[in-house]
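# Reading the structure
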Amino acid sequence: MDAEQGKHQTEEEVLQGMLSHRFNYAKAHRSSTYHHTFRTKTRWELVRLSLLIVGIECTYATETAFVAPILLAIGLPHTLMTMMWAMPPIVGVLFVPVVASVSDRLRSSWGRRRPVLLLLGIAMLLGMMLLPHGRAIGEAIGLRSVAWVATITTLGLTTTDFSAEASNGLCRTYAMEVCTIRDQARVLSTMMLIGGLGGMLGYLFGAIDWISLPIGQYFESNEAAVFTANWIVLLIGLVSTLTSFAEIPLPVQEQDAMLRPVTHSMLQNEVKRMRGDEYATQTQLSESIGFRQFVRNTVQMPRSMKILCLTQFLSHMGYLPYCLYFTDFVGAEVFGGDVQAPEHSPAFVLYEEGLRFACWGMALFAGCASLYSLVIERLIDRVGARPVYVGGLMAHCVGMVAMGLLRHRAIVMLCCSLTGIMYTTIYSIPFLLISHYHSKNSFHMKDGKCVESTEPRGFGADVSMMSSVLCLAQLIVSLVMGVLIDAAGTTTVITYVAGGCTLLAALSAMAVLYMGL
């Protein structure tokens, strides 16, 4: 009778049965810290799990607003300042995938992701202390020259940016691994929501004149106060995320099949078994890969991963010019100011006014990203991932071209909100697709059916590819955009480059493998 009932169970009923069975098993046979992996998380639990993203996004916002002024204040010319921005992506391209590969194979009793996130978090906190205090640290240790102060500051920038990029992907990997497969989309949308709030918080920190406040007397500069506020937010987010849910260690998963997180592949095999399919196979634990296998997987990626990485690369090539040069574009082209004009002159005052206006635009961008994250999950369920992915990219493309052509204040604010839609899109759908590929253990389809992969691939390593293409895009933008701006004689060129790259990303997204998502 039970076998006959099993044949008529829906996939959702089978999943609930698998999760319930493992939940009770974990509670009865192991420490109760593991059973949470097999239950649905509340919205508050997802928020707590995602708070590190708030700190990371707040850090990105603070870097974007203050790193260039800090480097210029040291005495660096613009050419060298731009080159300093190229250092973090160089380190990121080389080492972010390595960090992820090490994490995939880590056999710590604390799990695979949290020990690495802890080390990266400490590095971020140290880097945030170096960035605004390079001159003071240099004087304290007797290294007062511009070269040494710039080196100390750039070390802080590189450490912070690299750690943030590596943590960004690993935090998402950790969150998806401790959630059920039905909660993975929810946790990604939650990260986008509160991540956007983190970015908005960072820009608002920068908008405050801290020195004019009573607390300002405790800081040597406005930048130091902003970085201190950011440091506190980052520390709270790191502690909250790392103490939210225990991971099931790799050795425990190897020893006990009932304590392995339920994947789509496991679910499909269980459905086949209950329906009497004699070809249903026993699902094995996802194999952790070594460094040599990781390099091989990077060079010999499946076509689906190559297209996804290309799409993400082009997406960041469209986003980064806006992110790094937007404030200068608004100050010079929209407000007609001049950053090189004498201080307090009308042209300089206009430029400063444009910068403040641009900061409000960036805050609107972050807020819209948060709001859109509330509905993107429902949009994917209703119309599918492909229209949402392509539509989000095209929103930014249209916004950038309109901004460059019209250069009107109202258009600028509207286009910032469109960029928020694109930002949520590129930080949710690609990660959701990678999770989809790995849960099905398939990276291509034949005759409308998923073909099981025989090549072991690390989930964390594949997620880190998204961070690596961001580093590569940032490196290219840092080295090329200055040349293009000088050649065109106007920062308006950034809007056309951003729009063109995003259009190519949208075309590439049309070819991405969605597997019914």
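Here we summarise the structure given alongside this text. Keep in mind that what you see is a predicted model, and the values were worked out from it rather than measured.

### A short note on the pairing of strand E2 (residues 449-452)
Within a regular beta strand, the side chains point alternately toward one face of the sheet and then the other, so they alternate between its two faces. Taken together, the four bridges between strand E1 (residues 442-446) and E2 define a ladder with antiparallel strand orientation. Within E2, the position partnered with His 444 by the bridge is Val 451.

### So, a nonpolar patch on the surface
On the surface, Met 87, Ile 90, Val 93, Leu 94, Phe 95 and Leu 472 cluster together into a nonpolar patch covering about 490 Å² of accessible area. Counting through the fold element by element, Ile 90 comes out in helix H4 (residues 78-105).

### Some points on the pattern of salt bridges
Evaluation of the coordinates by the stated rule reveals eight salt bridges. Between Arg 113 and Glu 177 there is a salt bridge whose closest N-O contact spans 2.8 Å. Remark: Glu 177 occurs in helix H7 (residues 146-177) and Arg 113 occurs in the loop between H4 and helix H5 (114-130); sequence separation between them is 64 residues. Glu 177 shares its class with Arg 113; the two are buried. Between Arg 407 and Glu 333 there is a salt bridge whose closest N-O contact spans 3.6 Å. Taken together, the residues span a long stretch of sequence, with Arg 407 in the loop between helix H15 (385-406) and helix H16 (409-426) and Glu 333 in helix H13 (residues 303-334) at a distance of 74 residues. On the basis of relative accessibility, which here comes to 24%, the residue Glu 333 falls in the partly exposed class.

### Things to note about the packing of H15 against helix H19 (residues 493-509)
In the contact formed by H15 and H19, the axes pass within 8 Å of each other and the chain directions differ by 165°. Comparing the axis directions of H15 and H19 gives the class roughly antiparallel. Crossing of H15 against H19: the hand is left-handed. Residue-level contacts link Arg 386, Tyr 389, Val 390, Leu 393, Met 394, His 396, Cys 397, Met 400, Val 401, Met 403, Gly 404 and Leu 405 of H15 to Thr 495, Tyr 496, Ala 498, Gly 499, Thr 502, Leu 503, Ala 505, Ala 506 and Ala 509 of H19. Its residues placed into classes, the contact of H15 with H19 shows 15 nonpolar, five polar and one charged.

### Some remarks on the packing of aromatic side chains
A complete count under the given rule lists nine aromatic pairs for this structure. Ring centres of Tyr 322 and Phe 326 lie 4.8 Å apart, and the angle between their planes is 40°; this geometry places the pair in the tilted category. You can see Tyr 322 and its partner Phe 326 sitting in helix H13, four residues apart, about one turn around the helix. For Tyr 322, a relative accessible area of 1% corresponds to the buried category. A centroid spacing of 5.8 Å and a plane angle of 70° characterise the contact between Tyr 322 and Phe 365, whose relative ring orientation is edge-to-face. Within this pair, whereas Tyr 322 is found in helix H13, its partner Phe 365 is found in helix H14 (residues 346-383), the two being separated by 43 residues in sequence. Both residues of the pair, Tyr 322 and Phe 365, belong to the buried class. Pairwise contacts between aromatic rings join Tyr 319, Tyr 322, Phe 326, Phe 365, Tyr 423, Tyr 427 and Phe 431 into one cluster.

### Focus: the nonpolar core
Among the nonpolar cores identified, the biggest contains 127 residues, and Phe 326, Tyr 389 and Tyr 437 are the most heavily contacted of them. Top element by residues in this core is H13. It accounts for 16 residues. Counting contributing residues, this core receives three or more from each of domain 1 (35-247) and domain 2 (289-516). Discounting residues that sit within four places of it in the chain, Tyr 389 has contacts with Leu 308, Thr 311, Gln 312, Thr 425, Ile 429, Pro 430, Leu 433, Ala 509, Val 512 and Tyr 514. Membership of the second largest hydrophobic core comes to 15 residues, among which are Val 14, Met 18, Tyr 34 and Ile 181.

Calculation criteria
Residues numbered from 1 in each chain as written. Predicted model: local features only at pLDDT ≥ 70, side-chain atom pairs only at ≥ 80, totals over all residues. Heavy atoms only, no water. Pairing = 2+ DSSP bridges. Helix = DSSP H or I, 4+ residues; strand = E, 2+ residues; numbered from the N terminus. Patch = residues over 30% accessible without salt bridge, like charges linked within 9 Å, V, L, I, M, F, W, Y side chains within 5 Å. Areas by Shrake-Rupley, 256 points an atom, 1.4 Å probe, with all protein chains shown as cover. Salt bridge = Lys/Arg side-chain N within 4 Å of Asp/Glu carboxyl O. Buried < 20%, exposed > 50% of the residue type's maximum accessible area, 1.4 Å probe, protein only. Axes fitted to C-alpha atoms, helices over the stretch in contact; angles between N-to-C directions. Parallel < 35°, antiparallel > 145°, perpendicular 65-115°, else oblique. Left-handed = near helix turned anticlockwise from the far one by under 90°. Contact = heavy atoms within 4.5 Å. Nonpolar A, V, L, I, M, F, W, Y, C, P; charged D, E, K, R; others polar. Phe/Tyr/Trp six-rings, centres within 6.5 Å; stacked < 30°, edge-to-face > 60°. Core = buried A, V, L, I, M, F, W, Y, C linked by side-chain atoms within 4.5 Å. Domains from an automatic or database assignment.

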